Each structure stands twice: as structure tokens, then as C-alpha cells.
Amino acid sequence: MFTGIVEEVGTIQHIQKRNPTTTLTIQCQKILEDMQIGDSMSVNGTCLTVTRFDQHSFTVDVIQGTEDRTYLADLKTNDSVNLERALLATGRLGGHFVQGHVDGKGVIQHIQTSQNEWIYTIKAEPCLLDQMIPQGSIAVDGVSLTVFKKYRDRFDIHLIPETRKATILADKKQGNPVHLETDMLFKYVQAITKQKSQLSVEDLLNAGF
């Protein structure tokens, strides 16, 4: 479990493709302080497991199923990535509950700049938009953000200077892909609501109504 508050921007140091997995070695500093083999790590919003590490970097394996759902297979050496360690039970929850299970990919359609604010318009699939509400939470490349406006096939997020400075979103351009994970709590509500809407008269009678 993560919060969507990026702790550090790391750099892809080495990529090794070994079908059916791809090994990523990521250079970083801060998050190595208390790292252990088997730790969960959010890499651009994708939960991956640390397989080894040293004083300067750590390594994770990306399985085929994860590659199919994300753009991790398109990463190149020297690319920057957002990094976050798993949430400690004793820590502050500064963002929202983020599982690191990417629901799908979006594409940045437009970036509008104004004084101390950047508005990113992101195109997404209808199934993902159905799980969003205005002022609700969304994880974009693992960054906890707010859905400010929602349209038929896209949504807007607003970035402050601190968020841009602390994440890779500052490097994103029009046409770039992003990982999207919708709010976990909204998913549960949607699933419960769907189940209730499918109740039949027979179900109600069997339940004693």
C-alpha cells in the first residue's frame, strides 16, 4: 500500500530483458536507507518487488502481465522514474490509498500553463473515467492528485510547482503515456452498487423480504 506521495526521482541504470521478465536496475539514494530484499516499491505507480540492492541502486523484475498493462517496457536507460516505498502503519497518510496496481494507461492531450499552476488534460478509457468523480482522487504515474474536471473521454488535473519539482510529471509532454490507478474506495462502492442493482425479486424473497 502506498500514499501517492513521491519520495524520490530515480534513474534507470540498466535494463535486461529475459523473457518472460524484464529486470530494471534503478539508481537512487534516499529510499535505499532501510531497504530489504522483498520490499514493495512503487515505480511510476506500479508496485514491484525489490530482488537485490546495493549502496547506489536496487533491482526489480517486471513480469509480462505487468508490461502488458503499463508502459514500463518502453522505458530506456537514463529515464527518470517516480519512487515511493510502501506505507508504514506509523506514517502520515499524506495522499490517498494507492495499491500500485495500475488500472490502465492514459495519454496527455494538452498541458496549459499559468502562474504557479499547470493543467494537464489526460485522455482515458471509459471504464477508467467511470471510476472517477470531480474532486476525487487519482494516481497518475504514482502521484496522488485530484480530478478537477471530468469530460466524456478525458479529465483534468492541476499541478502546483512543488509537485512538478518532486516528480517526473515536469518532464511529461503532450502525447506521452501515464499510468492511471483510480481510487480504491470508489471501486468498492461501484462494485457494491452494481451488485445491488442486479438483485432479482427471487433474491429478495429468499432473503426474507
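Residues numbered from 1 in each chain as written. Predicted model: local features only at pLDDT ≥ 70, side-chain atom pairs only at ≥ 80, totals over all residues. Heavy atoms only, no water.

Colleague: Would you explain the overall build of the protein chain in this entry?
Modeller: Helix and strand content of the protein chain: five helices and 13 strands. Judged by the C-alpha coordinates and their principal axes, the protein chain covers about 65 × 45 × 35 Å. Scored against the burial criterion, the 209 residues of the protein chain give a buried share of 41%. In the protein chain, the proportion of contacts linking residues at least 24 apart, taken out of those at least 6 apart, comes to 69%. As displayed, the protein chain offers around 11,700 Å² of accessible surface, 50% of which is attributable to carbon and sulfur atoms. Each charge class in the protein chain can be summarised by its mean position, and for the 21 positive and 25 negative side chains these summaries are 5 Å apart. (Helix = DSSP H or I, 4+ residues; strand = E, 2+ residues; numbered from the N terminus. Buried < 20%, exposed > 50% of the residue type's maximum accessible area, 1.4 Å probe, protein only. Contact = heavy atoms within 4.5 Å. Areas by Shrake-Rupley, 256 points an atom, 1.4 Å probe, with all protein chains shown as cover. Lys, Arg positive; Asp, Glu negative; His and termini not counted. Charge placed at Lys NZ, Arg CZ, Asp CG, Glu CD.)

Colleague: Before we go on, may I ask you to explain the UniProt feature "repeat: Lumazine-binding" (unreviewed entry) in the protein chain in this structure?
Modeller: In the numbering used here, UniProt assigns the feature "repeat: Lumazine-binding" (unreviewed entry) to residues 1-96 and 97-193. Between the C-alpha atoms that bound residues 1-96 there is a distance of 10 Å. The span itself is 6% helix and 45% strand. Taken as a whole, residues 97-193 contains 21% helix and 41% strand, while its terminal C-alpha atoms sit 21 Å from one another. (UniProt positions renumbered as here; feature names shortened; annotations may be inferred.)

Colleague: Just checking my understanding: could you explain the sheet that holds strand S10 (residues 143-146) for this structure?
Modeller: Across a sheet, strands are paired by hydrogen bonds formed along the backbone, either parallel or antiparallel in direction. Here seven strands make up an open sheet; going across it, the order is S10-S9-S13-S7-S8-S12-S11 and the pairing antiparallel. Edge positions in the sheet fall to S10 and strand S11 (149-150), since each of these pairs with one other strand and no more. Pairing of strand S7 (residues 104-114) with strand S8 (residues 117-123) involves seven bridges; the strand directions are antiparallel. In the sheet register, Ser 114 faces S8, and the bridge partner there is Glu 117. (Pairing = 2+ DSSP bridges.)

Colleague: Is there a simple way to explain a nonpolar patch on the surface in this structure?
Modeller: Taken together, the side chains of Met 1, Leu 93, Phe 97, Leu 185 and Tyr 188 define a hydrophobic patch exposed on the protein surface, amounting to about 480 Å² of accessible area. Among the structural elements, Leu 185 can be located in helix H4 (residues 184-197). Residue Leu 185 is classed as partly exposed on the basis of its relative accessible area of 48%. (Patch = residues over 30% accessible without salt bridge, like charges linked within 9 Å, V, L, I, M, F, W, Y side chains within 5 Å. Salt bridge = Lys/Arg side-chain N within 4 Å of Asp/Glu carboxyl O.)

Colleague: What is the right way to read the pattern of salt bridges from this model?
Modeller: Pairing between side chains of opposite charge can happen when their charged atoms approach one another. Across all of its chains, the model carries eight salt bridges by this definition. Among the salt bridges present, the one from Asp 34 reaches Arg 85, with a minimum N-O distance of 2.9 Å. Pair noted here: Asp 34 is in the loop between strand S2 (21-27) and strand S3 (40-43) and Arg 85 is in strand S6 (residues 80-85), with a separation of 51 residues, a long-range link. Salt-bridge contacts for Lys 172 lead to Asp 141; the nearest nitrogen and oxygen are separated by 3.2 Å. Linking Lys 172 in the loop between helix H3 (161-166) and strand S13 (177-182) with Asp 141 in the loop between strand S9 (137-140) and S10, this pair joins segments that are 31 residues apart in sequence. Taken as a pair, Lys 172 and Asp 141 share a single burial class, namely buried. Each member of the salt-bridge network shares a partner with another, and the members are Glu 7, Asp 34 and Arg 85.

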